[in-house]
Amino acid sequence: RLAAAGALALTATATAALAASGGVPEGAPEERAYFAMGCFWCAEADFEKLPGVYEAVSGYAGGTVPEPTYEQVTAGGTGHYESVRVSYDPRKLTYQDLLDVFWHNIDPFDAEGQFCDKGDSYRSAIFPTTAEERRLATESKRVVTEALGRPVATEIVSTRHFYPAEPYHQDYYRKNPLRYKFYRTTCGRDGRLAEVWGGG
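Criteria and thresholds
Residues numbered from 1 in each chain as written. Predicted model: local features only at pLDDT ≥ 70, side-chain atom pairs only at ≥ 80, totals over all residues. Heavy atoms only, no water. Phe/Tyr/Trp six-rings, centres within 6.5 Å; stacked < 30°, edge-to-face > 60°. Helix = DSSP H or I, 4+ residues; strand = E, 2+ residues; numbered from the N terminus. Buried < 20%, exposed > 50% of the residue type's maximum accessible area, 1.4 Å probe, protein only. Lys NZ or Arg CZ within 6 Å of the ring centre and 35° of its normal. Disulfide = S-S within 2.5 Å.

**Observations regarding the packing of aromatic side chains**
Enumeration over the complete set of coordinates arrives at 11 aromatic pairs. Taken together, a centroid distance of 5.8 Å and an interplanar angle of 50° make the contact between Phe40 and Tyr60 tilted. Highlighted residues: Phe40 in helix H2 (residues 40–48) and Tyr60 in strand E3 (residues 53–61), separated in sequence by 20 residues. When sorted by exposure, Phe40 lands in the same class as Tyr60, which is buried. For the pair Trp41 and Tyr183, a centre-to-centre distance of 5.7 Å together with 80° between the ring planes defines the contact as edge-to-face. Separated by 142 residues along the polypeptide, Trp41 in helix H2 and Tyr183 in helix H7 (residues 177–186) bring together distant segments of the chain. An identical accessibility class is assigned to Trp41 and Tyr183; each is buried. Aromatic ring contacts, followed pair by pair, group Phe35, Phe47, Tyr95, Phe102 and Trp103 into a single cluster. The ring of Phe109 carries Arg150 above its face, with NZ or CZ at 3.8 Å from the centroid.

And the structure:
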């Protein structure tokens, strides 16, 4: 899939991580989308609850340092965002569906990060891999800006590589549910989402 022109390049690490996960059934149709939503543990949890999503992989995108580590990214200077690669069944979900979920799970006004996590690596972003994805992302940003009546800080970023994060970050919300719940609550994520989007 990622060999298509304009798509993010799969590294050997990414290929191995996908094969090990068993997330995509053999022969099943698959599309991939890339987003930065602050903490990638939370982004994984938000996307993996969707019917039609095979898996969300935590990783790094948008920067210039190859095969970055978590310590490098959080220290700054790599240009990378904490990101997720969402593998999904295009028969059940569209890219527009994923954009809608993305927007409703971020604070689009925060240019400094997301919720309690501040710094360049925690900013929100969309990483389109085709001209059509860029068109949809750009239009969705326009619609959100108009609907909320304020400038949106979320960026639309061109990037060529996605690097999966270390194994201990993958599916953190499943492997460490109590710690994850404590982090998400104390970070104020859901409270702020309710303020921005309503429903809370």
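**Quick word on the state of the cysteines**
In the structure shown here, the tally under the stated rule is one disulfide. The disulfide partner of Cys116 is Cys187, and the S-S distance across this bridge is 2.0 Å. Taking the torsion about the S-S bond as the criterion, the Cys116 to Cys187 disulfide, at about -105°, is left-handed. Linking Cys116 in the loop between strand E5 (113–114) and strand E6 (117–118) with Cys187 in the loop between H7 and helix H8 (189–197), this pair joins segments that are 71 residues apart in sequence. Cys39 forms no disulfide, and the closest cysteine sulfur to it belongs to Cys42, at a distance of 3.9 Å.

Keep in mind these values describe shape, not function.
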